[in-house]
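Residues per chain are reported as follows:
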There are 2 protein chains.
Amino acid sequence: MAKRIGKYTFSFDTAPGVAGSAAVVGKKEGEGPLGDRFDRIYTDTTMGEASWEKSESAMQREALIRALGKANVASSEVQAVIAGDLLNQCIGTTFGLREMNIPFAGVYGACSTMALSLLMGSIMVDSGAAETCVCATSSHFCSAERQFRYPLEYGGQRPPAAQWTVTGAGAAVLKNTAEKVKITHGIIGRIEDLGIKDANNMGAAMAPAAKSTIAGFLKDTNTAPTDYDMILTGDLGSVGSQLLCELLVKEENIDISPVHRDCGVMIYDAEGQDVNAGGSGCGCSGAVVCSYIMQRLREGSLNKVLFVGTGALMSPTSSRQGESVPGIAHGVVLMHD
Amino acid sequence: MAKRIGKYTFSFDTAPGVAGSAAVVGKKEGEGPLGDRFDRIYTDTTMGEASWEKSESAMQREALIRALGKANVASSEVQAVIAGDLLNQCIGTTFGLREMNIPFAGVYGACSTMALSLLMGSIMVDSGAAETCVCATSSHFCSAERQFRYPLEYGGQRPPAAQWTVTGAGAAVLKNTAEKVKITHGIIGRIEDLGIKDANNMGAAMAPAAKSTIAGFLKDTNTAPTDYDMILTGDLGSVGSQLLCELLVKEENIDISPVHRDCGVMIYDAEGQDVNAGGSGCGCSGAVVCSYIMQRLREGSLNKVLFVGTGALMSPTSSRQGESVPGIAHGVVLMHD
């Protein structure tokens, strides 16, 4: 059973376990600082498929199959996949999972999807509605770029605050058994919109939501940033990360800077990889959390991580209609057991 | 706590209650056979907004606010909204809920979204992660038509198997208390794809998924169709409904025809309203379940309904790339208490 704590947070009496996780990425991500942490690096980012959308589906399926293998769980034992992605109608996920014959619940949280799927998956395992489930997500630079911005062939210029959509996928297997990594708390985010209209500055659009979720969580649990080995956002990039830290100090008098990291900053080499403000896309926190973070939690070099996935809930249609970009941030606490 | 039953189904020890529900619809739906069941009928389907997408958002917000009013729950008491819609990146939902300041978890199940949100919401209430949550969805003929098919101004011809996207929204408030309507069971659907490529024949694309969910559920629970007052699909329309009944008899030797109804067939007058095979869209089962069905369950003229929401998990992009249309169907049992 879960217990409500404070206004927005809940904790699990018996924490669902992470039995295994896997991440697969494209060539650029494989050349980044976390390259040796991923389960597979595709040097051909078409993955041999006929379209970028199909490539993304292939990646998500591979991450899921590898996570199942590492958790030693057969696909027939999985009682639910909780997954989603950035593409219209979540087709990256649908066509990736189509042949798997596993019950599937679709979620949409833009770049916060890894956190949202872990949140919903852990609730499902906690209730007993599923004993074993998989949380998964993906993004692909080429499918996202042409859907949200410009045709790739156009070669549009990217302003400094723009983030680079990660080509990658992550999957984690949750079980109702004791595992080396467990999910102890969750917080569902509220939509925050401060009126940012620049589709090339997603970090700034999402930072207020991250602020509200982190401040709410720390208040609800009566904890301080230093009670965590890491407060991990995904994916504010460098511009949004700085804004988040400033907002938390200014409006909440909370300094997370000693323990704050951001998946979008971690996945690329800011000096050498020409990615402007860093990585973004569902696959960014998907790949970072399901590889590096889970590995360090499993070995015990990290003990307690507050992972806050951030998403920008806009579409090209809403932007063309003059709407601003609403942000959201969902959080889970991942602990070494 | 939930208990697993058979291969795909789960039941709740203490069934989450439906404390209130509401449905709002457009002019055409108001003129249909269920017209006097809806909470509000908009005669101007722009709802006074500047775009069809904003109109859809206004409808979903209104359904949610009316459901809260009928459940006598303040928005500040709601610990989660589980909602989604058909629009790219679910903007109908996002911009509808933006000002509400309620924690929000997005789901994507195409036209099965009402069933998926009831499923995830009841699991959340069951676990204790939320004591009160709202499940909601919407669709709008004009925002869906121009996104999935043709510009409205083009006046494209509609083949006989085509369905008419419902302009409507539904919302239901779930609580961890005893209410006149309760959710006792759930089943998460698997993706089924028999290779249908006609985007104007969604009923046929979704019928195999409905078959698989209904047959799985009846087998898991060791029940027969006549154990239910109604097996309600949403939304196969007339073509898909006939196919579902035929498939169940032929492949599973199950005859649901005496108790089968379909939201897409019920919402319009097949003779007089020129809607070809019937209604579709998230708002179709959203509006029918959150008005007529919940009202009859509340008063006890229906006691036990297996509601199976069906969705077509395609996008215009996947169809243009030659992909077929995968279907999915999620189920919940709604009971008078």
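These figures come from a predicted structure and were not determined experimentally. (Residues numbered from 1 in each chain as written. Chains lettered and ligands numbered in written order. Predicted model: local features only at pLDDT ≥ 70, side-chain atom pairs only at ≥ 80, totals over all residues. Heavy atoms only, no water.)

A. Seen up close, the overall build of chain A. Scanning chain A from terminus to terminus reveals 10 helices and 15 strands. Overall, the C-alpha framework of chain A stretches about 50 × 50 × 35 Å when taken along its three principal axes. The buried share of chain A, reckoned over its 337 residues, is 68%. Carbon and sulfur atoms make up 46% of the accessible area of chain A, which amounts to about 10,800 Å² in all. Positive and negative charge centroids in chain A, built from 28 and 36 side chains respectively, lie 2 Å apart. (Helix = DSSP H or I, 4+ residues; strand = E, 2+ residues; numbered from the N terminus. Buried < 20%, exposed > 50% of the residue type's maximum accessible area, 1.4 Å probe, protein only. Areas by Shrake-Rupley, 256 points an atom, 1.4 Å probe, with all protein chains shown as cover. Lys, Arg positive; Asp, Glu negative; His and termini not counted. Charge placed at Lys NZ, Arg CZ, Asp CG, Glu CD.)

B. Examining the relation of the copies chain A and chain B more closely. It takes a turn of 180° to lay chain A on chain B, together with a shift of 0.0 Å along the axis; the resulting RMSD is 0.0 Å. Within this description, the copies of the chain are treated as partners about a two-fold rotation axis. Of the interface residues in chain A, 100% have counterparts in chain B that sit at the interface too, so the contact is made through matching surfaces. (Least-squares fit on C-alpha atoms with pLDDT ≥ 70 in both. Contact = heavy atoms within 4.5 Å.)

C. Expanded view of the nonpolar core. Counting residues in each nonpolar core, the largest one holds 130 residues, and the members touching the most others are A:Leu64 and B:Leu64. If near-sequence neighbours (up to four positions away) are discounted, B:Leu64 is found in contact with B:Val81, B:Leu97, B:Met100, B:Ile102, B:Val134 and B:Ala171. Counting residues in each nonpolar core, the second largest holds 110 residues, with A:Ala105, A:Cys133, B:Cys133 and B:Phe141 among its members. (Core = buried A, V, L, I, M, F, W, Y, C linked by side-chain atoms within 4.5 Å.)

D. Representation of the layout of surface pockets. There is about 460 Å³ of room inside the largest pocket. Sorting the residues of the lining of the largest pocket by element identifies helix H5 (141-148) and helix H10 (316-320) of chain A together with helix H5 (141-148) and helix H10 (316-320) of chain B as the ones contributing at least two each. Here the residues of the lining of the largest pocket sort into six nonpolar, 11 polar and six charged. Of the voids in this model, the second largest pocket is the one considered here, and its volume is about 360 Å³. Along the walls of the second largest pocket sit 20 residues, with A:Glu145, A:Phe148, A:Arg149, A:Tyr150 and A:Asn200 positioned nearest its centre. Contributing elements (two or more residues each) for the lining of the second largest pocket: H5 and H10 of chain A. (1 Å grid on protein atoms, 1.4 Å probe; cavity = no way out; pocket = protein on both sides within 12 Å on 5 of 7 lines; lining within 4 Å. Points joined across faces, edges and corners; volume = space filled by probe spheres on them. Nonpolar A, V, L, I, M, F, W, Y, C, P; charged D, E, K, R; others polar.)

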